[in-house]
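Descriptive structure summary
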Amino acid sequence: MKVVFLGSTKYSEALLLHLIEIGVELVAIASIPEHFSISYSDTPVRNTNFADLQHYSKQLNIPHFEVDSVKGKRLQDYSDALKVLNPDIILVLGWYYMLPKRVREIARLGAWGIHASLLPKYAGGAPLVWAMINGESTSGVTLFRFEDGVDDGDIIAQEAFEIEEVDTIKEVYNKATIVSKRILTKVFKTENFDFHPQDKVEKQVFPQRSPDDGEIDLSWEKDRIFDFIRAQTNPYPGAFISNSNGRKLFIKEIKIV
């Protein structure tokens, strides 16, 4: 199957390298720059988990498309070039923009993505961060086919993993990456898959998070503060407290005694 790969994070890079390793036929790579425009911010935001994927397209001798929300660099602005590639799948792993229907329909089997939750739970932005903030002991990843809504397409494969009390967001992302590789290997090696509709009644949609959302409320219970900090430590900017002058003290690690 011919695959167009969309990604922009270290998670994307790890899975791109895995796809190359297992012999998936990649016909193009699209990525988002480290500083990019997005709907929830009036100014460009920085991808703190950024990975530069452009050099992999040179290595594979395939086209690369730089995507942003400005006219001329939106994914739909590359539609004609994507059609020429005649892909079977547009595979979206670590992305920040919605895919228009006319882009999804370019691929024979549509656009697929991995979402770091057990859909329909924790759809939307920053699912692993939200799961940890909420004190969840289990999460997982879901390979699904995109539709018009937020993470609401048919499920292709799912696998769960445990969130241990000692885990930070870094360890949880590592677990999500390992499980994602396992799912991709199974699906692309066998090319045997089914599409299962999501239970829309159970759907939970969470918003994107920005660095300002990391402020700690010291009136919270200790367990909530503990989870809030470990969910946003490295590689993210981190949780913080502010003083009366607006200065921030970032807290990377906490222990309950």
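Look above for the structure.
Residues numbered from 1 in each chain as written. Predicted model: local features only at pLDDT ≥ 70, side-chain atom pairs only at ≥ 80, totals over all residues. Heavy atoms only, no water.

**Describing a nonpolar patch on the surface**
- A grouping of M98, V150 and V205 is seen on the molecular surface, where their side chains present a nonpolar patch of about 260 Å² in accessible area.
- Turning to its location among the elements, V150 is positioned in the loop between β9 (138–145) and β10 (155–162).
- For V150, a relative accessible area of 33% corresponds to the partly exposed category. (Patch = residues over 30% accessible without salt bridge, like charges linked within 9 Å, V, L, I, M, F, W, Y side chains within 5 Å. Areas by Shrake-Rupley, 256 points an atom, 1.4 Å probe, with all protein chains shown as cover. Salt bridge = Lys/Arg side-chain N within 4 Å of Asp/Glu carboxyl O. Helix = DSSP H or I, 4+ residues; strand = E, 2+ residues; numbered from the N terminus. Buried < 20%, exposed > 50% of the residue type's maximum accessible area, 1.4 Å probe, protein only.)

**Digging into the nonpolar core**
- Core analysis: the largest hydrophobic core is formed by 52 residues, its most contacted members being L91, W112, L143 and F188.
- Formed by 29 residues, the second largest nonpolar core is a distinct cluster that contains V4, L6, L82 and A123. (Core = buried A, V, L, I, M, F, W, Y, C linked by side-chain atoms within 4.5 Å.)

**Remarks on the environment of L19**
- As for its position among the elements, L19 is in helix α1 (residues 10–21).
- The exposure class assigned to L19 is buried, which follows from its relative accessible area of 0%.
- Sequence spacing of L19 and L143 is 124 residues, and the spatial spacing of their C-alpha atoms is 15 Å.
- Residues within four places of L19 in sequence aside, it is in contact with F5, V24, L91, L184 and F188. (Contact = heavy atoms within 4.5 Å.)

**Topic: the side chain of D152**
- In this structure, D152 sits in the loop between β9 and β10.
- Buried within the structure, D152 lacks any salt-bridge partner; its nearest side chain of opposite charge belongs to K203, at an N-O separation of 4.1 Å.
- Within the local environment of D152, its side chain forms a polar contact with the backbone nitrogen of G149, the two atoms lying 3.3 Å apart.
- Non-local contacts of D152, meaning those with residues more than four positions away in its chain, are made with F144, E147, Q198, K200 and K203. (Lys, Arg positive; Asp, Glu negative; His and termini not counted. Polar contact = N/O pair within 3.5 Å; in protein donor to acceptor, adjacent residues only side chain to side chain.)

**A look at the pattern of salt bridges**
- Going through the model one piece at a time under the given rule, you end up with 11 salt bridges.
- Note that E66 is salt-bridged to K73, the shortest N-O span being 2.6 Å.
- For E66, a relative accessible area of 31% translates into the label partly exposed.
- Overall, K73 belongs to the partly exposed group, its relative accessible area being 31%.
- Note that D88 and R108 form a salt bridge whose closest N and O atoms lie 2.8 Å from each other. One end of the pair, D88, is in the loop between α3 (79–85) and β6 (89–92); the other, R108, is in the loop between α4 (101–104) and β7 (111–115), with 20 residues separating them in the sequence.
- Owing to a relative accessible area of 13%, D88 belongs among the buried residues under this scheme.
- Assessed through its relative accessible area of 57%, R108 is described here as exposed.

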